[in-house]
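These are the residues of each chain, in order.
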Amino acid sequence: MLSVAKLTACTLDARLLKPFGIAGGAQDIARNVLVRVELADGAVGYGEAAPFPAFNGETQDSTVAAVERARPDVERGTWGSWEALAARIGEIIGPAGAARCGIEMAVLDAVARREGRPIFGPSRGVLRTDVTIPLGPVDQCASDARAWVSAGFGRLKVKLGRGAEDDALGRVLAIHASAPGAELLLDGNAGLTATEAMALLGALAARGVVPVLFEQPCPKDDLEGLATVARAGDVPVALDETVSTAADLRRIAALVARPFVVNVKPMKAGFLEAQRVYEEARRLGWPLMIGGMVEGKMAMSASACFAASREGFVHVDLDTPLFFAESPYDGGYVQQADRIDVSPIQLGHGVAPRTAPA
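Predicted model only: the values in this text are computed from it and were never measured. (Residues numbered from 1 in each chain as written. Predicted model: local features only at pLDDT ≥ 70, side-chain atom pairs only at ≥ 80, totals over all residues. Heavy atoms only, no water.)

> Let's hear about the overall build of the protein chain: which residues, and what values?
A count of helices and strands for the protein chain gives twelve helices and 17 strands. Scaling as 2.2 N^0.38, a compact globule of 358 residues should have a C-alpha radius of gyration of about 21 Å, and the protein chain matches this with 20 Å. C-alpha extents for the protein chain along the principal axes are approximately 65 × 45 × 35 Å. Counting every position in the protein chain, which comprises 358 residues, the buried fraction comes to 56%. Of the contacts made within the protein chain by residues no fewer than 6 positions apart, 74% connect residues no fewer than 24 positions apart. Total accessible area on the protein chain is roughly 13500 Å²; 51% of this is exposed by carbon and sulfur atoms. If you average the places of the 36 positive and of the 43 negative side-chain charges in the protein chain, the two averages end up 2 Å apart. (Helix = DSSP H or I, 4+ residues; strand = E, 2+ residues; numbered from the N terminus. Rg over C-alpha atoms; globule rule 2.2 N^0.38 Å. Buried < 20%, exposed > 50% of the residue type's maximum accessible area, 1.4 Å probe, protein only. Contact = heavy atoms within 4.5 Å. Areas by Shrake-Rupley, 256 points an atom, 1.4 Å probe, with all protein chains shown as cover. Lys, Arg positive; Asp, Glu negative; His and termini not counted. Charge placed at Lys NZ, Arg CZ, Asp CG, Glu CD.)

Structure (structure tokens):
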């Protein structure tokens, strides 16, 4: 049985090296939330909630409030499993995904530490991640591309702006010219129409540039647009904003015949729902991607352990700790260039806050 004696949350702000810009806006400080869980037997676990307003409107304040709404039920209940507790949290706070993820992460961490094992059990050890080129001036993006390739990254994820407002073609071509040997992954963050996305792919193909993936080119509910881009060429399309839950994925699969890549982000709806999305995508035979919001080493380590303990993840996008000016955490996976090694993690997600809350 699982019994939580205490659940607390506190704000955690971390300055980024530069603004992390996507089509919906930019963030220069990661305004996250640190969640602490103490089980009735004294085991302690931590979770990181990383709301990203530009992605889905969640904020630091709304996340702390959601954790507080869940606290009375979490502390007075006795649960047969972490899944049962997670399901109840979802009933209480609904779509507040970052809060759900932070609480679930802390509970999973505490249970795993109590049992003397990694958070998701044995893993395959090493993942290879891309690294993001956020929105910015073309010359800065080209310079960033050169620097990341020199640092050992072979795949660059290029953020795109909104339609005609953005010189997406110029930015992608400049990045390709600066790092001609790198694979390019485009991320529209729902900012383009299908016509704009196909025009971009066509212009790139005419110049010999073919991305390995186009993530969420169109708005989240524009399934026809997403399917049109997927049918238009040889570039697979990934669903990010469109899929937060397994119910989302089942609805989409019933409407479209062509498979999409599914970006599993625990921060969208928590680890229980991430597991359900994973299982549904595997049942459908759709490829998988693991990603995150603007997360520190704690949340990224938990997600890395999640992906490394399962088969089917062909795309890995776990790079945001690289953008923190200073990490608020110790421990976690070991990274060398684009290689993320979770094998050193022996207990829970392996991460502790440098300044532990009471």
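There is more to say after this.
> Could you give an account of the sheet that holds strand β13 (residues 313-316), naming the residues involved and the relevant values?
Read from one edge of the open sheet, eight strands run β6-β7-β8-β9-β10-β11-β12-β13, paired in parallel fashion. At either margin of the open sheet sits one strand with a lone partner, and together these are β6 (131-133) and β13. Direction aside, the axes of adjacent strands within the sheet are offset by 30 degrees on average. Bridge analysis of strand β10 (residues 237-239) against strand β11 (residues 261-264) gives two bridges, and the strand direction is parallel. Residue alanine 238 lies in a different strand from β11, and its bridge partner there is valine 261. Lying on the sheet, helix α5 (residues 138-150) is in contact with β6 and β7 (155-159); it crosses β6 at an angle near 165 degrees. (Pairing = 2+ DSSP bridges. Axes fitted to C-alpha atoms, helices over the stretch in contact; angles between N-to-C directions.)

> Give me the pairing of β11: which residues, what numbers.
Where burial is concerned, the two faces of β11 agree: the one with Val261 and Asn263 and the one with Val262 and Val264 are both buried. Following the backbone out of β10, through helix α9 (residues 246-255) and into the adjacent parallel β11, one traces a crossover that is right-handed. The sheet contact formed by β11 and strand β12 (residues 288-290) spans three bridges and is parallel. Within the sheet, the bridge partner assigned to valine 262 lies in β12 and is leucine 288. (Right-handed = clockwise from strand over helix to strand, strands pointing away.)

> So what's going on with the pairing of β7? Which residues, and what values?
Within β7, five of the five residues are buried, leaving the element largely enclosed by the surrounding structure. Of the two faces of β7, the one carrying Arg155, Lys157 and Lys159 and the one carrying Leu156 and Val158 are both buried. Note: β6 against β7, three bridges, orientation parallel. Counted as the bridge partner of threonine 132 is lysine 157 from β7. With α5 bridging β6 and its parallel neighbour β7, the resulting β-α-β unit is right-handed. Pairing of β7 with strand β8 (residues 183-187) involves five bridges; the strand directions are parallel.

> Talk me through the packing of aromatic side chains; I want residue IDs and the actual numbers.
For the structure shown, the criterion picks out eleven aromatic pairs. Taking the centre distance of 5.4 Å and the plane angle of 85 degrees together, the rings of phenylalanine 120 and phenylalanine 306 count as edge-to-face. Of this pair, phenylalanine 120 sits in the loop between α4 (97-115) and β5 (126-128) while phenylalanine 306 sits in helix α12 (residues 297-308), and the two are 186 residues apart along the sequence. Just as phenylalanine 120 is buried, phenylalanine 306 falls in that class too. Ring centres of tryptophan 148 and phenylalanine 153 lie 5.3 Å apart, and the angle between their planes is 80 degrees; on these two criteria the pair is classed as edge-to-face. For the residue pair tryptophan 148 and phenylalanine 153, the accessibility class agrees, reading buried in each case. Here the aromatic cluster, defined as three or more aromatic residues joined through ring pairs, consists of Phe20, Phe52, Trp148, Phe153 and Phe323. Geometry around tyrosine 333 places lysine 297 over its ring, the cationic atom sitting 4.6 Å from the centre. When the ring centre of tyrosine 278 is taken as origin, the NZ or CZ atom of arginine 310, which lies over that ring, is 5.9 Å away. (Phe/Tyr/Trp six-rings, centres within 6.5 Å; stacked < 30°, edge-to-face > 60°. Lys NZ or Arg CZ within 6 Å of the ring centre and 35° of its normal.)

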